[in-house]
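Here is how the chains run, residue by residue.
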Amino acid sequence: MSHRVSFASPHQDSVTASRTLDAPGQLHAGASMPESAIARRCLVVDDEPRLRQALVRLMQGDGFTCLEAGSGVEALAVLKNEPVALVLSDMRMPAMDGQELLRQLRVGYPDIAVVMITAVAEVEVAVACLSLGAMDYITKPFVFEEVRARVAQALEKRRLLADNRDYQERLEVRVKAQAERLETLFLASIQSLADALELKDPYTRGHSVRVSQYGVAIARAMGLSPTLTAQIELGGHLHDVGKIGVREEVLRKAGPLTTEEYEHIMTHPVLGWRILQPLLGENLVALNIVRSHHERMDGKGVPDRFEGDEIPREARIIAVADAFDAMMSKRPYRNGLTFTEAMAELRRVAGPQFDPQVVDAFFEVARSQSFIPGDAGESETIKLRAPKR
Ligand SMILES: [Fe+2]
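Residues numbered from 1 in each chain as written. Predicted model: local features only at pLDDT ≥ 70, side-chain atom pairs only at ≥ 80, totals over all residues.

With omega at -5°, the peptide bond leading from Lys 140 into Pro 141 counts as cis. Secondary-structure assignment places Pro 141 in the loop between β5 (136-140) and α7 (144-200). The linkage connecting Val 302 with the following residue, Pro 303, adopts the cis geometry, with an omega of 0°. Relative to the helices and strands, Pro 303 is located in the loop between α13 (284-292) and α14 (313-328). One non-glycine residue, Arg 305, adopts positive backbone phi at about 55°. Tracing the backbone shows Arg 305 in the loop between α13 and α14. (Helix = DSSP H or I, 4+ residues; strand = E, 2+ residues; numbered from the N terminus.)

In structure tokens form, the structure reads like this:
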């Protein structure tokens with residue numbers, strides 16, 4: 001490596017003292033130097049000492065601290081240890097020309113403004129450099145006033161770009177923090193509803209968690225997207241939230257329900273939908289599950305008497321998961337069905353009651369008793385996770 005790099009500035013000592021001990025290959029230098037100091041530092045790259053000196057004197061006259069290099073290779077060596085805001089670079093140089101230096105600067109030092117210096121005959125190449133990311137170019141022989149104007153413009157553009165980037169970064173951080181806060185509040189409000197229902201109806205406790213798990217398994221077997229699957233998971237947890245509005249003696253009744261009691265209980269899909277709508281506003285998947293999980297394919301369900309494909313697919317999925325878990329569960333007034341019996345019952349009513357495709361998908365994932373969660377499902381409380389939107 002050549003040692004032609006010279007420090008032509010009277011501030012040479014302070015420059016040397018501020019060098020950072022970068023590891024070999026580490027591109028960014030001067031992490032400790034304030035931006036206000038970096039903004040007044042430039043590197044002049046030209047293999048012609050006379051022209052280089054002329055530019056250096058000009059820049060120094062304008063208050064810049066100048067570094068020098070005789071080629072692209074030397075320029076990169078200097079920049080490893082010396083931060084600058086501006087590089088003034090000749091096009092034709094040995095060891096690495098200006099265009100290649102520009103390429104490497106865009107990658108390794110995107111914050112540096114680069115102004116190319118070019119002979120009139122090379123103007124086309126200089127224009128090509130603009131598309132590679134040079135801020136500007138100056139043609140030789142240059143007029144000092146023009147150099148000053150171009151340099152000032154390039155540095156102003158660099159400052160604006162940096163300001164814009166800082167602003168964007170700060171904005172992104174704030175937006176992200178706000179979104180997280182909203183997500184936390186959203187989940188906390190829904191979690192409190194789920195907690196309230198669990199207190200009122202202990203049966204719901206393990207049930208909602210298992211229904212959600214079955215729903216996720218079906219959604220995966222049907223090849224639904226992870227986003228939709230996460231929303232189905234949330235909807236499964238919340239599908240019975242409307243039971244908060246059902247009379248406790250009906251919810252806990254240890255025996256068959258009267259018609260009036262049954263109708264009262266079956267108001268829970270609409271009640272839950274009303275309760276959750278302000279909270280889940282944009283999350284239609286979960287809302288559809290809450291409202292439509294007691295619809296039937298033959299149109300005899302509640303609350304909307306939707307038929308077939310009118311029933312949102314997510315609700316058809318949770319309907320199967322819900323019914324399966326209900327059949328398997330032991331209630332005070334009846335024993336639960338066995339796994340085989342429950343599966344056979346699902347198959348029997350696939351068509352009029354359940355979507356046969358959903359039942360097929362459920363059979364695909366629930367091949368054996370081992371599919372059923374063990375005791376964990378009984379004791380697990382609902383812990384909501386944020387659905388991906
Ligand atoms: Fe329900």
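We now examine helix α8 (residues 202-221). With 20 residues, α8 extends 30 Å between its outermost C-alpha atoms, agreeing within 8% with the 28 Å of an ideal straight helix rising 1.5 Å per residue. Looking one or two places after α8, you find Gly 223, whose phi comes out positive at around 75°. (Expected span 1.5 Å × (residues − 1).)

A few words now on the nonpolar core. Counting 40 residues, the largest nonpolar core has Ile 218, Val 320, Leu 346 and Phe 362 as the members making the most contacts within it. Residue assignment for this core shows that the elements contributing at least two residues are α7, α8, α9 (226-238), α12 (268-280), α13, α14, α15 (339-349) and α16 (356-365). In contact with Ile 218, other than residues within four places in its own chain, are Ile 317, Val 320, Ala 321, Val 358, Ala 361, Phe 362 and Val 365. Ranked by size, the runner-up nonpolar core spans 36 residues in total, among them Ala 69, Ala 75, Val 84 and Ile 112. (Core = buried A, V, L, I, M, F, W, Y, C linked by C-beta atoms within 7 Å. Buried ≥ 20, exposed ≤ 12 C-beta atoms within 10 Å, placed from the backbone. Contact = placed C-beta atoms within 7 Å.)

When you tally the buried positions in strand β1 (residues 41-45), you get 5 out of 5 residues, the bulk of the element. Here β1 pairs with strand β2 (residues 65-69) via 5 bridges, running parallel. Looking at β2, one finds that Cys 42 is bridged to Cys 66. Taken together, β1, helix α3 (residues 49-61) and β2 constitute a β-α-β crossover, and its handedness is right-handed. Examined bridge by bridge, β1 and strand β3 (residues 86-90) share 4 bridges and lie parallel to one another. Each residue of the ladder has a partner; that of Cys 42, found in β3, is Leu 86. (Pairing = 2+ DSSP bridges. Right-handed = clockwise from strand over helix to strand, strands pointing away.)

Moving on: the sheet that holds β2. Spatially, β2-β1-β3-β4-β5 is the arrangement adopted by the 5 strands of the open sheet, whose pairing is parallel. Either end of the sheet is taken by a strand with one partner, and the two such strands are β2 and β5. Between one strand axis and the next, the sheet turns through 20° on average, direction left out of account. In the packing of helix α4 (residues 72-79) onto the sheet, contacts are made with β1, β2 and β3, and the angle to β1 comes to roughly 160°. Against the sheet, helix α6 (residues 123-132) makes contact with β4 (113-119) and β5, and its axis sits at roughly 170° relative to β4, the strand it touches most. (Axes fitted to C-alpha atoms, helices over the stretch in contact; angles between N-to-C directions.)

Before going further, it helps to spend a moment on the environment of Pro 352. Secondary-structure assignment places Pro 352 in the loop between α15 and α16. With 52 residues separating them along the chain, Pro 352 and Lys 300 place their C-alpha atoms 8.9 Å apart. Excluding its chain neighbours within four sequence positions, the residues that come into contact with Pro 352 are Arg 296, Met 297 and Asp 298.

What follows deals with the packing of α8 against α9. Contact geometry of α8 with α9 gives a least axis separation of 7 Å together with a crossing angle of 155°. It follows from the interaxial angle that α8 and α9 lie roughly antiparallel. Here α8 runs over α9; the crossing is right-handed. Here Ser 208, Val 211, Ser 212, Gly 215, Val 216, Ala 219 and Arg 220 of α8 come into contact with α9, specifically with Leu 228, Thr 229, Ile 232, Glu 233, Gly 236 and His 237. (Parallel < 35°, antiparallel > 145°, perpendicular 65-115°, else oblique. Left-handed = near helix turned anticlockwise from the far one by under 90°.)

Here the focus is the confidence of the model for the chain. Of all residues in the chain, 87% attain a pLDDT of 70 or more, and the chain-wide mean is 85. Long-range and interchain partners of residues 1-28, a stretch whose pLDDT sits below 50, account for 37 contacts in this model, where long-range means more than four residues apart. (pLDDT = per-residue confidence, 0-100.)

This part is about α15. Owing to its 3.6 residues per turn, the α-helix brings residues three or four apart onto one side. Among the residues of α15, those classed as buried are Ala 342, Met 343 and Leu 346. Taken end-on, α15 shows its buried residues confined to a sector of 100°, consistent with a single buried face. Exposed and oriented more than 90 degrees from the buried face of α15 are Thr 340, Glu 341, Ala 344 and Arg 348. Taken together, the buried residues of α15 touch α14 and α16. One or two positions beyond α15, positive phi appears at Gly 351, with a value near 120°. (Arc of directions from axis to C-beta.)

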